[in-house]
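Each chain is listed here by its residues.
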Amino acid sequence: MCRSIKTLRPPMTPELHDEDIRAAALQYVRKVSGFRAPAAHNREAFDQAVEAVAEATRRLLDGIEVRGGGGRAS
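Keep in mind it's a predicted model, so treat the numbers as computed, not measured.

Definitions and cut-offs
- Residues numbered from 1 in each chain as written.
- Predicted model: local features only at pLDDT ≥ 70, side-chain atom pairs only at ≥ 80, totals over all residues.
- Heavy atoms only, no water.
- Helix = DSSP H or I, 4+ residues; strand = E, 2+ residues; numbered from the N terminus.
- Contact = heavy atoms within 4.5 Å.
- Areas by Shrake-Rupley, 256 points an atom, 1.4 Å probe, with all protein chains shown as cover.
- Expected span 1.5 Å × (residues − 1).
- Buried < 20%, exposed > 50% of the residue type's maximum accessible area, 1.4 Å probe, protein only.
- Arc of directions from axis to C-beta.

### Focus: the overall build of the protein chain
Within the protein chain one finds 2 helices and 2 strands. N-terminal to C-terminal, the α/β element order of the protein chain is α-α-β-β. Across the protein chain, the fraction of contacts at a sequence separation of at least 24, relative to all contacts at a separation of at least 6, is 44%. About 5,400 Å² of surface is accessible on the protein chain, with carbon and sulfur atoms providing 51% of the total.

Here it is in structure tokens:
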């Protein structure tokens, strides 16, 4: 689906930053909406979607337990 979204959980990404999560969320919303950059009248909905996806991603990564990795993925 979104080929430019990289795997964010350890050990694939040992050092995760908020910018990584936001970049993945942005790529997802771009793919789903079909807009690289939305028109002004769609900007608010687009930005809200990026933030919602980023938050869902943070919750997912915080909840994932990596076996053999010594703890949680966060």
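And the narrative resumes.
### Some thoughts on helix 2 (residues 43-63)
Spanning 21 residues, helix 2 covers 30 Å between terminal C-alpha atoms, matching the ideal 30 Å at 1.5 Å per step. Residues of helix 2 that are buried include every one of F46, V50, A54, T57 and L61, and no others. One face of helix 2 carries all of its buried residues, which in axial projection span an arc of 70°. Of the residues in helix 2, the exposed ones pointing more than 90 degrees away from the buried face are E44, A45 and R59.

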